[in-house]
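# Residue-level structural notes
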Amino acid sequence: MSPPDVNPGAPGAPLQALPSDAMIVVPVRNTVLFPEIVFPITLGRPASIAAAQQAVREQRQVLILLQRDPGKDDPGPDDMHRTGTVANIVRYVTSPEGGHHLICQGVQRFRVTEFVEGQPFLVARGLHIAEPTAGGPDIEARLLVLQGQVNEVLELLPRVPPELRQTVEATTAPGPLADLAATYLDAKPSEKQDILETVDLAPRLDKVSGLLAHRLEVLRLSAEIGSKTRASLDTRQREALLREQMAAIQKELGDESSNKQELADLEKAIATAKMPPEVEQVARKELRRLQRTPEAAGEYSMIRTYLDTLIELPWAPPEPKAIDIGEARRVLDAEHYGLEKIKKRIVEYLAVRKLAPEGKAPILCFVGPPGVGKTSLGQSIARAMGRKFTRVSLGGLHDESEIRGHRRTYIGAMPGNIIQAIRKAGTRDCVMMLDEIDKMGTGLHGDPSAAMLEVLDPEQNATFRDNYLDVPFDLSRVVFITTANMLETIQGPLRDRMEIIALSGYTAGEKLEIAKRYLVKRQLEANGLKPEQVTLDDGALRAIIDGYTREAGVRSLEREIGRVLRSVAVEFAEGKTTSRTIAAADLEAILGPVRFENEVAMRSSVPGVATGLAWTPVGGDILFIEATRSPGSGRLQLTGQLGEVMRESAQAALSVVKGMAGDLGIEAGTLEKSDIHVHVPAGATPKDGPSAGVAMFMALASLLTGRVVRNDTAMTGEISLRGLVLPVGGIKEKVVAAAAAGITRVMLPARNRRDWDDIPQEVRDRLEFVWLEKVEDAVRAGLCPPGP
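Residues numbered from 1 in each chain as written. Predicted model: local features only at pLDDT ≥ 70, side-chain atom pairs only at ≥ 80, totals over all residues. Heavy atoms only, no water.

Before going further, it helps to spend a moment on the packing of aromatic side chains. Pairs of aromatic rings are described using the distance from one ring centre to the other and the angle between the two planes. For the coordinates displayed, the defined rule picks out five aromatic pairs. Taken together, a centroid distance of 5.0 Å and an interplanar angle of 65° make the contact between W315 and F473 edge-to-face. Of this pair, W315 sits in the loop between α9 (298–312) and α10 (325–335) while F473 is found in strand β11 (residues 472–473), placing the two residues 158 residues apart along the sequence. Comparing W315 with F473, the two get one shared label, buried. Each ring, one from W756 and one from F769, has its centre 5.0 Å from the other, and the planes form 75°; the classification is edge-to-face. Here the residue W756 occupies a position in the loop between β23 (745–749) and α26 (761–766), and F769 occupies one in strand β24 (residues 768–772), the gap between them amounting to 13 residues. Residue classification places W756 among the partly exposed positions, given a relative accessible area of 30%. One cation-aromatic arrangement involves R408 over Y306; the distance from NZ or CZ to the ring centre is 3.7 Å. (Phe/Tyr/Trp six-rings, centres within 6.5 Å; stacked < 30°, edge-to-face > 60°. Helix = DSSP H or I, 4+ residues; strand = E, 2+ residues; numbered from the N terminus. Buried < 20%, exposed > 50% of the residue type's maximum accessible area, 1.4 Å probe, protein only. Lys NZ or Arg CZ within 6 Å of the ring centre and 35° of its normal.)

Relative to the assigned elements, N485 resides in the loop between β12 (479–484) and α16 (492–496). A relative accessible area of 13% places N485 in the buried class. A polar atom in the side chain of N485 sits 3.0 Å from the backbone oxygen of G368. (Polar contact = N/O pair within 3.5 Å; in protein donor to acceptor, adjacent residues only side chain to side chain.)

Here the focus is the packing of helix α17 (residues 508–526) against helix α19 (residues 555–574). The contact between α17 and α19 brings their axes to 10 Å, and the two run at 50°. Taken together, α17 and α19 sit at an angle that is classed as oblique. In this structure, α17 meets α19 at a crossing whose hand is right-handed. Between α17 and α19, the contacting residues are K511, A515, L519, V520, R522, Q523 and L524 on the first element and L557, E558, I561, G562 and L565 on the second. Across the contact of α17 with α19, the residue classes break down as seven nonpolar, two polar and three charged. (Axes fitted to C-alpha atoms, helices over the stretch in contact; angles between N-to-C directions. Parallel < 35°, antiparallel > 145°, perpendicular 65-115°, else oblique. Left-handed = near helix turned anticlockwise from the far one by under 90°. Contact = heavy atoms within 4.5 Å. Nonpolar A, V, L, I, M, F, W, Y, C, P; charged D, E, K, R; others polar.)

Close contact between helix α11 (residues 340–355) and helix α12 (residues 374–385) brings their axes to 11 Å; oriented N to C, the two are set at 35°. The handedness of the crossing between α11 and α12 comes out as right-handed. Where α11 approaches α12, its residues I342, I346, L350 and R353 are matched on the opposing element by L377, I381, A384 and M385. The residue inventory of the contact of α11 with α12, partitioned by class, reads seven nonpolar, no polar and one charged.

The next point concerns the side chain of S380. You can see S380 is positioned in helix α12. A polar atom in the side chain of S380 sits 2.5 Å from the side chain of E335. Within the local environment of S380, its side chain forms a polar contact with the side chain of H336, the two groups lying 2.9 Å apart.

Positive phi, normally seen in glycine, also occurs at Q59, with a value near 55°. Along the chain, Q59 turns up in the loop between α1 (46–58) and β3 (62–66). In this structure, Q641 is a non-glycine residue whose phi angle is positive, near 55°. One can find Q641 in the loop between β18 (636–639) and α22 (644–659).

Further remarks concern the pairing of β23. Most of β23 is tucked away: five of the five residues are buried. Bridge analysis of strand β20 (residues 713–715) against β23 gives three bridges, and the strand direction is parallel. Note that in β23 the partner of M715 across the bridge is M747. Of the pairings in the sheet, the one linking β23 to β24 comprises five bridges and is parallel in character. Looking at the pairing, V746 lines up with F769 of β24. Read from β23 through α26 to β24, the crossover connection turns out right-handed. (Pairing = 2+ DSSP bridges. Right-handed = clockwise from strand over helix to strand, strands pointing away.)

What follows is the structure, given as structure tokens:
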């Protein structure tokens, strides 16, 4: 190629003639040229272009020198390394884009001794360094090691050009082989410069071998990893090929148009779902992903399910519904008997929602024993408000994801129970019953009670974020109603977010009315009978309530009524009768012997037995305190699986009896010479609490005085060491249980008069109430006169 034309006066032309022993320097940033190596160099700086053009014009060799700082655009003599390579210019190329390129072949190492000034480019003088020819066993050994390393690298590298293999095989001298290996070695420019500056063969071969050894380790590991992953890559390639073939088959069969129609339907559904802008943006982004995903891919079904969920959720604000307070009262009265306080609170709740539909209504929590109608009250509220009802069972829940949903990264992920219930209801203003909220547990996957804090907080649930949806959803229009059997197992922060409404057990009269109005009718329908075919008179229903059930609610009562009607259904099916009236006398043949009898009189007819009243999570109950004494040293023994508080109540009762021994007529020395054993039957049932203090005192006083406690009287109350009777809780449940057990008199703490209004009127009419200030009042009212 002819040298480029350069005018003598143009920039880049030399100011004076170059000395014959000087070398034109071409600085390079990150390239190290070795002798006998052909290598292209790209020129970009004006000085480098001028130097190359001058060398081409004068047909001179150039000196390729590496600059110390590759970031410097105008390097001077101090910025250059002192050792480089003398090279012949094989070709000078200019590209159409204006680029300049040199193709050089290294000739010999060169060490710069000085730089010549006065030129527009770098010019240097120095010494030519000849390639050493020393041999010997140590050089031959190093050469063999290097040849083995180079060959192994060529085997491990992918797509090695055949020319490079031939060049390596043809290079047998140690110096040129080391320079050839260093040229193509993946090393830093500084490391290559160090090899260029190393003239002696032994250290040069050692340095190249060291760098090759490191590179070999990397290549071996890469090959091992590649062989492990190749199998999975082959599987993916096979799946991709099969999907392409399936797509082609679907296209030939005409199924491709159906997929396009589905995508068009999805886009239309998104547009009509009335999503918030943020949610619609996410939905359209997922739709674009779905359009790019092959239908046979596993991700296709995941995206499609997610979009279906978003589309089916009720995003549009619900239309306000009118609340008729009179109709609400009618619905509540028609579906629930009694519960006047509860109905009053529900009507107040509905009135507030009617006057302030956008306001934040409280979260109601119905607490009471099983079978008292908590869930059916929620259904009645939904009917009274004209809204859809949905129920979420929380009993046994121990995974936070059941509330917040699973993240979509997991196979089989789905929204939480809250979002699923709203999706099922199809409206954002439904009545949602969260059943058995007291029975949520804590497991390895988080605490669902903590997740419920956001759901039941009116200040936060307007932006509830389900993990599956990953977009906010407004729960503020949902009417949340929760149910529980006991408050003790509900966490404090969660209990603080709810308004507690207590539902206590039903009286016998209320159960009778409920059975006549609802239970018999429901069981007749369930067993295929008509009202004119079977009649249960009031006596039969009362006998079932008193003799075959003992509960706070009415579930067992309904089951027993169902048993009676099923036995009658057999007679109708066999054609033995056309109508039947069930009386109390017929029950024993159908239900068997009476299960619950009035055993108060039988068990409390001897000294040392008192009838107490207890509260349980399933309603009130009666319990018997039995005391006996035997010769001993004044020791007190307590049995019946009593808790720590109840054991302390027994000890306090004994101390009060000892303090009143004179007033009670107990002989001196009797207590010191006797061991006293206090037992509470039903030993398999744990018992605790302070409310049996009065009953324990009466049992001990009866035992030591020989006077029987009245068998028609039950009692409750905590006592102090001064003989005061202190108030206790659960009065309504305890009094109702006493009336159901046949008790006619109850002794209650005087400070519990505040609970008088909670006691049903029917029970108040059946019982005589004795209010106790001190234990002396209990002795006067509860102990029979001394016998003969």
